[in-house]
Amino acid sequence: MDELIREYVEYISRLNEVKRPNKPKFDISAYTESEYISAINELMLDFDLVDDFERTIEFLKGED
């Protein structure tokens, strides 16, 4: 099992790095609760297309 874990870590490390967007800097006193919620939802949408599950299935099936 440890060997499979090491192989999976090596497989993941060979994938191209995903560039994450820079975190916005918020002035705490300048925003309302709804604006914070809106900003969080926008950040979640930025990572919506990252499909870690599909990469795991490809590795387990031996598809590289």
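Definitions and limits used
- Residues numbered from 1 in each chain as written.
- Predicted model: local features only at pLDDT ≥ 70, side-chain atom pairs only at ≥ 80, totals over all residues.
- Heavy atoms only, no water.
- Patch = residues over 30% accessible without salt bridge, like charges linked within 9 Å, V, L, I, M, F, W, Y side chains within 5 Å.
- Areas by Shrake-Rupley, 256 points an atom, 1.4 Å probe, with all protein chains shown as cover.
- Salt bridge = Lys/Arg side-chain N within 4 Å of Asp/Glu carboxyl O.
- Helix = DSSP H or I, 4+ residues; strand = E, 2+ residues; numbered from the N terminus.
- Lys, Arg positive; Asp, Glu negative; His and termini not counted.
- Charge placed at Lys NZ, Arg CZ, Asp CG, Glu CD.
- Buried < 20%, exposed > 50% of the residue type's maximum accessible area, 1.4 Å probe, protein only.
- pLDDT = per-residue confidence, 0-100.

1. Structural notes on a nonpolar patch on the surface
Okay, so step 1: Taken together, Met1, Leu4, Ile5, Val9 and Leu60 make up a surface patch of nonpolar side chains, about 550 Å² in accessible area.
Okay, so step 2: Top contributing element to the nonpolar patch by residue count: helix α1 (residues 2–14), with 3 residues.
Okay, so step 3: Along the chain, the position of isoleucine 5 falls in helix α1.

2. Quick word on a negative patch on the surface
Okay, so step 1: Side chains of Asp51, Asp52, Glu54 and Glu63 sit close together on the surface and give a patch of like negative charge.
Okay, so step 2: Position of aspartate 52 relative to the elements: it lies in helix α3 (residues 52–61).
Okay, so step 3: Assessed through its relative accessible area of 54%, aspartate 52 is described here as exposed.

3. Remarks on the confidence of the model for the protein chain
Okay, so step 1: Mean pLDDT over the protein chain stands at 80; residues scoring 70 or higher make up 98%.
Okay, so step 2: Of all secondary-structure elements in the protein chain, the lowest mean pLDDT belongs to α3, at 80, while helix α2 (residues 33–46) reaches the highest, 86.

4. Quick notes on the environment of isoleucine 37
Okay, so step 1: Mapped onto the elements, isoleucine 37 comes out in helix α2.
Okay, so step 2: Note on isoleucine 37: relative accessible area 43%, which makes it partly exposed.

5. Details of the environment of threonine 56
Okay, so step 1: By the element assignment, threonine 56 lies in helix α3.
Okay, so step 2: The class of threonine 56 is partly exposed, set by a relative accessible area of 26%.
Okay, so step 3: Taking the C-alpha atoms as reference points, threonine 56 and tyrosine 8, 48 residues apart in sequence, are found 8.4 Å from one another.

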